[in-house]
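# Chains, contacts and geometry: an overview
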Amino acid sequence: MDRQKLYRILLYYKFVPIEDPETFAKEHLKLCQQLDLKGRILVSHEGINGTVSGTVEQTQAYMDVMHQNPLFKDLWFKIDESEGHAFKKMHVRPREELVTFRVDEDLDPNRKTGKYLTPKEFFETMQQEDAIIIDGRNDYEYDIGHFRGAIRPEVQSFREFPDWIRENLSEHKDKKILTYCTGGIRCEKLTAWMLEEGFQDVAQLHGGIVTYGQDEEVKGRLWDGKCYVFDERIAVPINRTSEDIVIGKCYHCGNPADHYINCLNETCDRRHIVCPECMELHRGYCSALCKEEHTSK
Ligand SMILES: [Zn+2]
Ligand SMILES: [Zn+2]
């Protein structure tokens, strides 16, 4: 029998003006603590971006409270079932930007952003020959799973995207561009910026990979590997067909694996993929040197 999924993980964002993010964050933290939620929420002048975990009742109460607030009455929660919390603590932090992009243009996705595609539309458009699929995430997220045929961006953080796109994609401004990210928020900004930059035909996967994986029609098809997530699960399955495969490679031996860990030596902290055999052998260290350094302390 399946273990009961009594918990849920919510993922959501909304671009909406919030006048005093500092005060909002303090009050919102109180609300989340009263509801016994755990997770990470960012608040800024441009809106809210969060992911929280709690029991079915707690998360339902949170969604109800949010939907009663005129600012968030249409807030779209992506819901995943879970066997427990996906976070250890509850943080609500005021920030300059919801996703750190640091470009000069004032990008407001409510005014301009790439065309929204449903999972089915995205699935179909991906298969058109002239479509260019750009992964709107970081390289380490791409490495354990991505859409088949998508370009791997050589970026370790979101703010590196403008330079990378200018260097690598400038000659494709007239092409059909498709972008995707985990829950959709990064694409809102990325596609807004690409339109500003002169790209003509830019579309984004609405609701992100998470929504794509839950869609009953596409069932995660054309997704290879797992989806990196920013909570304790680290990676979740997306492709729910027989085509599901492992595409990550063990950092030590190169065998297929998709389990990410950070090097046990905190001064190194290297994020790397490790297979069960190498986990046993290397004990969570990325190198013999790291192991030696750490265990001799
Ligand atoms: Zn290995
Ligand atoms: Zn190391």
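The name an unreviewed UniProt entry assigns to the protein is tRNA uridine(34) hydroxylase, from the organism Ammoniphilus resinae. According to its UniProt record, the protein has this under Sequence similarities (unreviewed entry): "Belongs to the TrhO family." In its Catalytic activity (unreviewed entry) section, the UniProt entry covering the protein states "uridine(34) in tRNA + AH2 + O2 = 5-hydroxyuridine(34) in tRNA + A + H2O".

## Let's talk about unusual backbone geometry
We note that arginine 102 has phi near 50°; this positive angle belongs to a residue other than glycine. Checked against the element boundaries, arginine 102 lands in the loop between strand S5 (90-94) and strand S6 (115-117). The class for arginine 102 is exposed, based on 11 C-beta atoms found within 10 Å. Phi is positive for arginine 283, close to 55°, though the residue is something other than glycine. The residue arginine 283 is located in the loop between helix H8 (276-282) and helix H9 (288-295) in this model.

## What to know about the pairing of strand S2 (residues 38-44)
Taken across its 7 residues, S2 has 6 buried, putting it largely inside the fold. As paired strands, S2 and strand S3 (residues 47-55) are joined by 7 bridges and run antiparallel to one another. Directly across from serine 44, in S3, lies its bridge partner glycine 47. The antiparallel hairpin formed by S2 and S3 contains 2 residues in its connecting segment. Pairing of S2 with S5 involves 5 bridges; the strand directions are parallel.

## Thoughts on the sheet that holds strand S4 (residues 78-82)
Taking strand neighbours across the sheet as the criterion, the 5 strands line up as S4-S1-S3-S2-S5 in an open arrangement whose pairing is mixed. The open sheet has two free edges, formed respectively by S4 and S5, since each of these has just one partner strand. Taking each pair of neighbouring strands and ignoring which way they run, the sheet shows an average axis angle of 10°.

## Some points on helix H5 (residues 161-169)
Burial in H5 covers these residues: Phe161, Pro162 and Ile165. When H5 is viewed along its axis, its buried side chains cluster within an angular range of 95° and face the same direction. Across H5 from its buried face, at more than 90 degrees, point the exposed residues Asp163 and Glu167. Buried residues belonging to H5 abut helix H6 (185-196).

## Describing the sheet that holds strand S11 (residues 223-228)
With antiparallel pairing, 3 strands are arranged side by side in an open sheet as S8-S11-S12. Both outer strands of the open sheet, strand S8 (145-147) and strand S12 (235-237), are each paired with one neighbouring strand and no more. This sheet shows a mean twist of 45° between the axes of neighbouring strands, independent of strand direction.

Parameters at a glance
Residues numbered from 1 in each chain as written. Chains lettered and ligands numbered in written order. Predicted model: local features only at pLDDT ≥ 70, side-chain atom pairs only at ≥ 80, totals over all residues. UniProt positions renumbered as here; feature names shortened; annotations may be inferred. Helix = DSSP H or I, 4+ residues; strand = E, 2+ residues; numbered from the N terminus. Buried ≥ 20, exposed ≤ 12 C-beta atoms within 10 Å, placed from the backbone. Pairing = 2+ DSSP bridges. Axes fitted to C-alpha atoms, helices over the stretch in contact; angles between N-to-C directions. Arc of directions from axis to C-beta. Contact = placed C-beta atoms within 7 Å.

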